[in-house]
Amino acid sequence: MKILQDKVAIVTGAGSGIGRSVALTYAQEGAKVVVSDMDEDSGRHTVRLITNQGGEGFFVKCDVSSPQDNEALVWATIDKYGALHIACNNAGIGGAMAPTGMYPVEAWDKVIAVNLSGVFYGVRYQIPAMLNSGGGAIVNMASILGSVGFANSPAYVAAKHGLVGLTKNIALEYGQKGIRANAVGPAFIKTPLLKDLDEQTMQWLVGRHPIGRMGEPEEVAELVLWLSSPKASFVTGAYYPVDGGYLAQ
Ligand SMILES: NC(=O)c1ccc[n+]([C@@H]2O[C@H](COP(=O)([O-])OP(=O)(O)OC[C@H]3O[C@@H](n4cnc5c(N)ncnc54)[C@H](O)[C@@H]3O)[C@@H](O)[C@H]2O)c1
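Residues numbered from 1 in each chain as written. Predicted model: local features only at pLDDT ≥ 70, side-chain atom pairs only at ≥ 80, totals over all residues. Heavy atoms only, no water.

**What to know about the site of the ligand**
Within the structure, the ligand sits among 29 residues, and Ser-16, Asp-37, Asn-90, Tyr-156 and Thr-191 are positioned closest to it. Taking Asn-90, its main chain carries an N or O atom lying 2.7 Å from an oxygen atom of the ligand. In the complex, the protein chains occlude 92% of the 830 Å² of accessible area that the ligand would expose alone. Given that more than half its atoms are within 2 Å of the pocket grid, the ligand belongs to the largest pocket. The set of elements that each furnish at least two residues to the shell around the ligand consists of helix 1 (17-28) and helix 5 (154-174). Across the shell around the ligand, the residue classes break down as 17 nonpolar, 8 polar and 4 charged. (Near = heavy atom within 4 Å. Polar contact = N/O pair within 3.5 Å; in protein donor to acceptor, adjacent residues only side chain to side chain. Areas by Shrake-Rupley, 256 points an atom, 1.4 Å probe, with all protein chains shown as cover. 1 Å grid on protein atoms, 1.4 Å probe; cavity = no way out; pocket = protein on both sides within 12 Å on 5 of 7 lines; lining within 4 Å. Sits in = over half its atoms within 2 Å of the grid points. Helix = DSSP H or I, 4+ residues; strand = E, 2+ residues; numbered from the N terminus. Nonpolar A, V, L, I, M, F, W, Y, C, P; charged D, E, K, R; others polar.)

Now the structure itself:
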């Protein structure tokens, strides 16, 4: 039997990069996957990829910075599949780069709205649905920058640190009610999120990973799968880097 057989999973930001890879991995392991993204075309393409590999899923448009969209996403999941067992809160943006004393206020508000409030709005509605479904597993997509700083990215670093704290709180509140919550901390992963970086910056970033390269989305999805599965039944409130050794330095 597949490890997520008959489980119902939501993945936000599943139209690209890590989220798409998580959605495909969940589906390969037998989950029914609710693919959500604010970009309809890319989200629907992820559903086609799932269907092509023999999996089950459907698309719901959701801008995670909207509480209403998050509530509607959970309701659409319950309407279609009758339960919610797994949520990978993955949608995120990089945001502007500038030192803190010059950081544009609008850019700060946007990054916090998507990367931190967006996850709170998600779990706010996912948790009651999971409690009604007999329990569940939440995996929040933080970053190595949920553990250390990165000059010129104050909003991203603050949001990802906040996300790690939120994850711990969920674990404390719902551990005895059958919900586990963990955070994942990827280092730099080859996805469209890094598309605006020039070649020199990319090479510099590669050099910061002791393993000598950036990661692939599939390497993050493997960890997310394990944390989402019964194999991680005693794991909650934790932060797991998947970082090619970045944080070992
Ligand atoms: N790529 C990396 O190096 C890296 C490293 C650490 C953490 N992460 C985190 O992983 C997550 C996924 O990043 P990625 O690299 O796959 O990026 P990506 O840009 O490839 O994919 C992000 C997806 O999120 C969607 N999205 C953006 N804003 C949204 C919103 N408001 N509501 C709903 N969907 C929205 C986009 O449409 C896109 O499909 C993010 O939270 C990111 O911070 C990425």
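**Some remarks on the environment of Cys-62**
Counting through the fold element by element, Cys-62 comes out in the loop between strand 3 (56-61) and helix 3 (67-81). Judged by its relative accessible area of 2%, Cys-62 is buried. Taking the C-alpha atoms as reference, Cys-62 lies 30 Å from Lys-231; in sequence the two are 169 residues apart. In contact with Cys-62, other than residues within four places in its own chain, are Ser-36, Asp-37, Met-38, Asp-69, Asn-70 and Leu-73. (Buried < 20%, exposed > 50% of the residue type's maximum accessible area, 1.4 Å probe, protein only. Contact = heavy atoms within 4.5 Å.)

**Some thoughts on helix 2 (residues 40-52)**
A rise of 1.5 Å per residue sets the reference length of helix 2, with its 13 residues, at 18 Å; its end C-alpha atoms lie 18 Å apart and thus fit the reference within 8%. Those residues of helix 2 lying buried are Ser-42, Gly-43, Thr-46, Val-47 and Ile-50. Mapping the buried residues of helix 2 onto a view down its axis gives an arc of 150°, with all of them on the same face. Exposed and oriented more than 90 degrees from the buried face of helix 2 are Asp-41 and Asn-52. Elements that come into contact with the buried residues of helix 2 comprise helix 1, strand 2 (32-37) and strand 3. Immediately beyond the C-terminal end of helix 2, within one or two residues, lies Gly-54, with a positive phi of roughly 90°. (Expected span 1.5 Å × (residues − 1). Arc of directions from axis to C-beta.)

**Brief notes about the packing of helix 4 (residues 105-132) against helix 5**
Two packed helices can be described by the angle between their axes and the distance between those axes. Taken N-terminus to C-terminus, the directions of helix 4 and helix 5 make an angle of 15°; their axes are 8 Å apart at the nearest point. Comparing their axes, helix 5 and helix 4 come out roughly parallel. Our pair here, helix 4 against helix 5, has a crossing hand that is right-handed. Judged by residue contacts, Trp-108, Val-111, Ile-112, Asn-115, Leu-116, Val-119, Phe-120, Val-123, Ile-127 and Leu-131 of helix 4 engage Pro-154, Ala-155, Tyr-156, Ala-158, Ala-159, Lys-160, Gly-162, Leu-163, Leu-166, Ile-170 and Tyr-174 from helix 5. (Axes fitted to C-alpha atoms, helices over the stretch in contact; angles between N-to-C directions. Parallel < 35°, antiparallel > 145°, perpendicular 65-115°, else oblique. Left-handed = near helix turned anticlockwise from the far one by under 90°.)

**Describing the packing of helix 3 against helix 4**
Helix 4 packs onto helix 3 with a crossing angle of 30° between their chain directions and a minimal axis gap of 9 Å. The element helix 3 and its partner helix 4 pack so that their crossing is right-handed. Facing Pro-67, Asn-70, Glu-71, Val-74 and Ile-78 of helix 3, the residues of helix 4 in contact are Gly-118, Tyr-121, Gly-122, Tyr-125, Gln-126 and Ala-129. Its residues placed into classes, the contact of helix 3 with helix 4 shows 6 nonpolar, 4 polar and 1 charged.

**Overview of the layout of surface pockets**
Of the pockets and cavities examined, the largest pocket occupies roughly 1,300 Å³. Forming the walls of the largest pocket are 50 residues, and the residues nearest its centre are Gly-92, Ile-93, Gly-94, Leu-193 and Leu-194. Among the secondary structure elements, those contributing two or more residues to the lining of the largest pocket are helix 1, strand 2, helix 4, helix 5 and helix 6 (199-207). Taken together, the residues of the lining of the largest pocket break down into 26 nonpolar, 17 polar and 7 charged. (Points joined across faces, edges and corners; volume = space filled by probe spheres on them.)

**Some details on empty space enclosed by the protein**
Evaluation of the coordinates by the stated rule reveals 1 cavity of 30 Å³ or more. By volume, the largest cavity amounts to about 30 Å³. Among the residues forming the lining of the largest cavity, the class breakdown is 3 nonpolar, 6 polar and no charged.

**Section: the pairing of strand 1 (residues 8-11)**
Both faces of strand 1 are covered, namely the face carrying Val-8 and Ile-10 and the face carrying Ala-9 and Val-11. When strand 1 meets strand 2, the two strands line up parallel, connected through 4 bridges. Directly across from Val-8, in strand 2, lies its bridge partner Lys-32. In this region the chain leaves strand 1, passes through helix 1 and returns to the parallel neighbour strand 2; the handedness of that crossover is right-handed. As paired elements, strand 1 and strand 4 (residues 86-89) share 3 bridges and run parallel to each other. The residue bridging Ile-10 from the neighbouring strand is Ala-87, located in strand 4. (Pairing = 2+ DSSP bridges. Right-handed = clockwise from strand over helix to strand, strands pointing away.)

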